[in-house]
Amino acid sequence: FHFSLKLCYNTHIMEYVSGIKLRDIFLSNGNWWKLFIKHRDLIRISIIINVLKLLTCRTSFLGYHVFICPKCHRSIKAPHSCKSRFCPSCGKKATDDWIKTSFNSLPNTTYQHITFTMPSDFCPFFWVNRYLFDLIPVMAANIIKKLAKQKGFLPGIFLALHTFGRDLKNNVHIHLSTTIGGLSLSYNSSPQTNLLGWIKSAYFYHDSLKKMWKYQIITLLRNEFKQNRLKLPPYLKYIKTYSAFVSWTTQFYDKTWNVFLNHQDANMKHNVDYLGKYIKRPPIGETRIKKYDGKFVTFEFLDHYTNKKNLMTLPVLEFISRLISHIPDKNFRVIRYYGFLANRVSGKLLPIVYTLLDMKNAIVQKVYTPWRQMIINVFHYDPLNCPFCNIPTLPSYSVFQYPSNLLSMHKEIANGYFKLL
């Protein structure tokens, strides 16, 4: 006798999230395979791997653990999860763990959330020059660090790069949270500090941020073009010389660039929760998918201009195309830390910050919540208890499958063969 935990887990976790699953949309009518065959030369390997992870999450393709009841000897098979940020379930778990870790380790002080955007004309550059995604986070952080240095302190900064809007269109922007105040660069007390070595407050001016960000982005593109590293989007192929490119980019100095500053917030958890939405989760949550009829997908999104929720309906292959284009490359760091939170200095500076802010219980340790504990916490039952004897089962053996092996069975997985396992 074999009891599959996959059925139990999917019923209580996946169906609880939404009635329409991304996995079902990708598999229905062979949608993913059709899209892949049509555009296989344009689809990055990281996209293929993450889609295959989504399709095989909690199936035997990714391996499983087997647990045996010591009394009746029945077995429970616990399939492995995919741990992909593109997977709604695994992405949410990773986000929740990051939020819990941040609650324990980030300094409990005042923060400000800042969103750096750019004109839509610049977004296509990033899709044909993906290395640019790696360059702009540090530029945004350096703007804050430069302004903070003028005020005599080193802030703590964490940010996330975002490539999409709520309607899934390409929209490159950065969500950044910074401490309003920080370590005094002199580490001496002064009239501006209420604690030794800690400058308590500061103010970042909107116009200064906007002008500096505008200059940094335009200068970056010009320099990359001058070094012959920048590929131009198709609609700019007529530009052949550096002077012509400078002329084209000059117009954007006169256009409005949006840099949004949220109100300063002394509740660190609000900032962590806000940024947490952009870290590990896929571009769209399954709860936003309202209808799928086999040909079209209808989803809900918030229009920032009207502050009202709208519905958008897309042909299914276009919906999938928009979705997968925002899967990051392998090893790309979506969230990054700067200032006294930077990895290379945080080990030395964070203890100083904790002391100055009287944070005796701060914990610099990653939180990991096992799937078993998640189910116990949410649904108040132990999934590894024998469903017949109601006693804990014991681990018996494990089978592991590596994601790279999925590529050899791409067609079978894309056409739903995994359902037979």
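Up top you'll find the structure we're talking about.
Residues numbered from 1 in each chain as written. Predicted model: local features only at pLDDT ≥ 70, side-chain atom pairs only at ≥ 80, totals over all residues. Heavy atoms only, no water.

*Asks:* So what exactly am I meant to see when it comes to the packing of helix H7 (residues 136–150) against helix H8 (residues 206–226) here?
*Replies:* Any two packed helices are characterised by the angle at which their axes cross and by the distance between the axes. H8 packs onto H7 with a crossing angle of 145 degrees between their chain directions and a minimal axis gap of 10 Å. Two packed elements cross with a definite hand, and for H7 against H8 that hand is right-handed. The segment H7 lies against H8, with Ile136, Met139, Ala140, Ile143, Ile144, Lys146 and Leu147 engaging Leu209, Met212, Trp213, Gln216, Ile217 and Leu220. Taken together, the residues of the contact of H7 with H8 sort by class into 11 nonpolar, 1 polar and 1 charged. (Axes fitted to C-alpha atoms, helices over the stretch in contact; angles between N-to-C directions. Helix = DSSP H or I, 4+ residues; strand = E, 2+ residues; numbered from the N terminus. Left-handed = near helix turned anticlockwise from the far one by under 90°. Contact = heavy atoms within 4.5 Å. Nonpolar A, V, L, I, M, F, W, Y, C, P; charged D, E, K, R; others polar.)

*Asks:* Quick question: what am I supposed to make of the side chain of glutamate 286 here?
*Replies:* Counting through the fold element by element, glutamate 286 comes out in the loop between helix H10 (268–276) and strand E12 (289–292). Within polar-contact distance, the side chain of glutamate 286 engages the backbone nitrogen of leucine 22 at 2.9 Å. (Polar contact = N/O pair within 3.5 Å; in protein donor to acceptor, adjacent residues only side chain to side chain.)

*Asks:* Would you take a moment to explain the sheet that holds strand E13 (residues 296–303) for this structure?
*Replies:* The pairing of strands in a sheet happens through backbone hydrogen bonds and is either parallel or antiparallel. In space, the 3 strands of this open sheet follow the order E12-E13-E14, with antiparallel pairing throughout. Each edge of the sheet is formed by a strand with only one pairing partner; in this case those strands are E12 and strand E14 (308–315). The mean angle between the axes of side-by-side strands here comes to 25 degrees, regardless of whether they run parallel or antiparallel. Where E12 and E13 come together, 3 bridges link them in antiparallel fashion. Considered in E13, the bridge of lysine 291 is made with threonine 298. Lying on the sheet, helix H11 (residues 316–324) is in contact with E12, E13 and E14; it crosses E14 at an angle near 115 degrees. (Pairing = 2+ DSSP bridges.)

*Asks:* Please explain helix H5 (residues 88–105) as it appears in this structure.
*Replies:* An α-helix turns once every 3.6 residues. As a result, residues three or four positions apart point the same way. Taking 1.5 Å of rise per residue, the 18 residues of H5 would be expected to cover 26 Å, and the 26 Å separating its terminal C-alpha atoms lies within 8% of that figure. Every buried residue of H5 is listed here: Pro88, Ser89, Cys90, Gly91, Lys93, Thr95, Asp97, Trp98, Ile99, Thr101, Ser102 and Ser105. (Expected span 1.5 Å × (residues − 1). Buried < 20%, exposed > 50% of the residue type's maximum accessible area, 1.4 Å probe, protein only.)

*Asks:* Would you mind showing me how to read the side chain of arginine 288 here?
*Replies:* With respect to the secondary-structure elements, arginine 288 resides in the loop between H10 and E12. Polar contacts involving the side chain of arginine 288 include one to the main-chain carbonyl oxygen of arginine 166, which spans 2.4 Å. Apart from the residues lying within four places of it in its own chain, the contact partners of arginine 288 are Arg166, Pro283, Thr298, Phe299, Glu300 and Phe301.

In short, the description is geometric, and any link to function would need to be established separately.
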